[in-house]
Number of protein chains: 2
Amino acid sequence: MSLTGREIHVAAYTRGGPEFRVAEVSVRPPGRGEVLVRNTWTSVDPGLRVRLREHAPEGYFDGFQVDAPMDGILTVGEVVESRADAFAPGDHVWHAAGWRDYATIRAGAPALGGLGTLRRIDADAAPAQAYLGPLGGIGLTAYVGLLEVAGLQDGDVVWVSAAAGAVGSIVAQIAKLRGHTVIGSAGSAAKVAHLLDDLRLDAAFNHRDGPVADLLRAAAPEGIDVYFDNVGGDHLEAAIGALRRGGRAALCGAVSAYDADEPRPGPANLFRAVTHELTLRGFRGSAHVHRLPEVQRDMAGWIADGRLRYTETVVDGLERAPEALALMLAGRTTGKTLVRIA
Amino acid sequence: MSLTGREIHVAAYTRGGPEFRVAEVSVRPPGRGEVLVRNTWTSVDPGLRVRLREHAPEGYFDGFQVDAPMDGILTVGEVVESRADAFAPGDHVWHAAGWRDYATIRAGAPALGGLGTLRRIDADAAPAQAYLGPLGGIGLTAYVGLLEVAGLQDGDVVWVSAAAGAVGSIVAQIAKLRGHTVIGSAGSAAKVAHLLDDLRLDAAFNHRDGPVADLLRAAAPEGIDVYFDNVGGDHLEAAIGALRRGGRAALCGAVSAYDADEPRPGPANLFRAVTHELTLRGFRGSAHVHRLPEVQRDMAGWIADGRLRYTETVVDGLERAPEALALMLAGRTTGKTLVRIA
């Protein structure tokens, strides 16, 4: 049986950004130790933008080659055919061979820093696509970023940027359910309403309404203790200006800079880290993959209790994955951005 | 008995920087619970420059008022008269009422974040001025900065900036005696020779010889794990570019920016903190004053063993304290800069 599949490829890198095309490919049947997966949902993450350039930064996940399948994007699907001992047809799995409708994957081969290694998921416990959100790398990043990297302590006042986004909305909610005062920021009035009305944050602002430092000061007049950074740039500078003695910033991403061709200057107030004994710590969820079972257990519990809600923006059709990415980077999606393949 | 003393005062803050004058003052006799100290050595530290401006940064040590004694500068001296139980004439003490020849001090009153609270020193164990260097706040800052704030781990490659300075030279030597590969940087060929020949560092460079990032790459081609920052600016940016995965920067000072009237942009490569899971942590030695006994014990042992040497630049005469500060900020002193009062 010959199976034809579709893959999204980068057609070219131009000054305006990446251009994509849909490639029709012949799907390779699984060899020994491999499985064939029919993908059902694939992920759209801000970090993809970092990798979608001719020379992706050294040390991050690999950049995407032109005219090649985009490896290293989390995806869920069903096993169609298995020649690996641990997997059988009908198994629900997650893996990192995303932005395509079929993938032939070697069981046990590490992918995406270990996070994307083929594994079975429990599709009865939660909808499969939740494993691309709170039960997967997104939940892991939020959880370890807030609790371990930022070292959340009782009484901390927490600011989360991009708080209506996939990671930010989970961070903000974990902080809330632990009893913290939480300020969220986002890029539209509708998102601010979502933060206040749906996620029940203590304060929220639209970063387009003025200088971020001023908006933050109004939202947290006595300062903050923890900043969860998804944005970088003026947001990080505002946080450094507002962190109280011993404050901590978990640096998760810097979406404000992802489109920039040239490096942008960093925060001009970094000396305040000395005067106020601040810690800025960058991290990647994939380095904490050993904590995934604990994260999944806590997240599933909070979701079942109704204490954690997750919002999705779903775009239908594999061929629309680039469009979904553009919408997300333009700030026009809320919660986790997903592509439903079939 | 009426005693006349001299104090250095700020006469004015001008665009060119602070102007000083020597004030003749009537020394107040000690009241109950107070001691009168004749100062013998006073300290000259880069951080003074931060405080010598009309509006010193909030959250740091207080700025210096015009026409007032300069409080909060570490100093050693001998008790002349005591009306406090725990002190007697002839005691050697350290305190924070510096840049004057006599000081009337309340015993137990906290000063300089606790670090400058009046305390007796053992002038038999070491020369009194060593308590302004390795046995005092300088040693404390170096010790906790390297071992605790930067979290030195076996095998770490360490870069110390301003490594011929008071703090830097101790940091570099502690790292060496613990068996680390240590790179030092300084601002002159003579200092670089001092780092290589006297302190026995593994590599050293003069930061004026080219772009710091290039010089660092040549000195540490495989990167670094720990950066001890006394300089900020291009040095910190170079460190962020060279730190390996999980690397740490202890932010102690930013002498490159102390003269600036306007905030300067921060490192343009801060996103590398995310990709490489870097930690930048600001700190102040005074927050760790509870560890002073341990620091003094270790430092005294290393000095006695000949494993730690300390270098001093001594300027004679209280009235020359401003000159000593200017020399130090111009990079023309080596090791700890001290003023010998009498």
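Further up the page is the structure itself.
Quantities reported herein were computed from a predicted structural model and do not represent experimental measurements. (Residues numbered from 1 in each chain as written. Chains lettered and ligands numbered in written order. Predicted model: local features only at pLDDT ≥ 70, side-chain atom pairs only at ≥ 80, totals over all residues.)

Q: Describe the sheet that holds strand β12 (residues 243-251) of chain B, listing the residues and the values that go with them.
A: One open sheet accounts for twelve strands, arranged β10(A)-β9(A)-β8(A)-β11(A)-β12(A)-β13(A)-β13(B)-β12(B)-β11(B)-β8(B)-β9(B)-β10(B); its pairing is mixed. Each of the sheet's edge strands pairs with one partner strand only, and the pair in question is β10 (203-206) of chain A together with β10 (203-206) of chain B. Each neighbouring strand pair of the sheet contributes to a mean axis angle of 15°, computed without reference to strand direction. The pairing of strand β13 (residues 279-282) of chain A with strand β13 (residues 279-282) of chain B spans three bridges and is classified as antiparallel. Residue pairing in the sheet places A:L280 in a bridge with B:L280 of β13(B). Its contacts with the sheet put helix α4 (residues 189-198) of chain B on β9 (181-186) and β10 of chain B, and the angle it makes with β10(B) is roughly 170°. (Pairing = 2+ DSSP bridges. Helix = DSSP H or I, 4+ residues; strand = E, 2+ residues; numbered from the N terminus. Axes fitted to C-alpha atoms, helices over the stretch in contact; angles between N-to-C directions. Contact = placed C-beta atoms within 7 Å.)

Q: Give me the interface of chain A and chain B: which residues, what numbers.
A: Buried accessible area, meaning the area lost when the parts come together, often serves as the stated size of an interface. Every contact between the two is made by 31 residues of chain A and, on the other side, 31 residues of chain B. Contributing elements (two or more residues each) for the side of chain A that touches chain B: α7 (272-275) and β13 of chain A. No other element matches β13(A), which puts four residues into the side of chain A that touches chain B. Taken together, the residues of the side of chain A that touches chain B break down into 18 nonpolar, nine polar and four charged. (Nonpolar A, V, L, I, M, F, W, Y, C, P; charged D, E, K, R; others polar.)

Q: Pulling in residues and values, what's your account of the pairing of strand β8 (residues 157-160) of chain A?
A: Residue and element names in this part refer to chain A. Burial along β8 is two-sided: the residues V157 and W159 and V158 and V160 are all buried. Assessed by its sense of winding, the connection that carries the chain from β8 through helix α3 (residues 166-177) to strand β9 (residues 181-186) is right-handed. The pairing of β8 with strand β11 (residues 224-229) spans three bridges and is classified as parallel. Residue pairing across strands places V158 opposite V226, the latter belonging to β11. (Buried ≥ 20, exposed ≤ 12 C-beta atoms within 10 Å, placed from the backbone. Right-handed = clockwise from strand over helix to strand, strands pointing away.)

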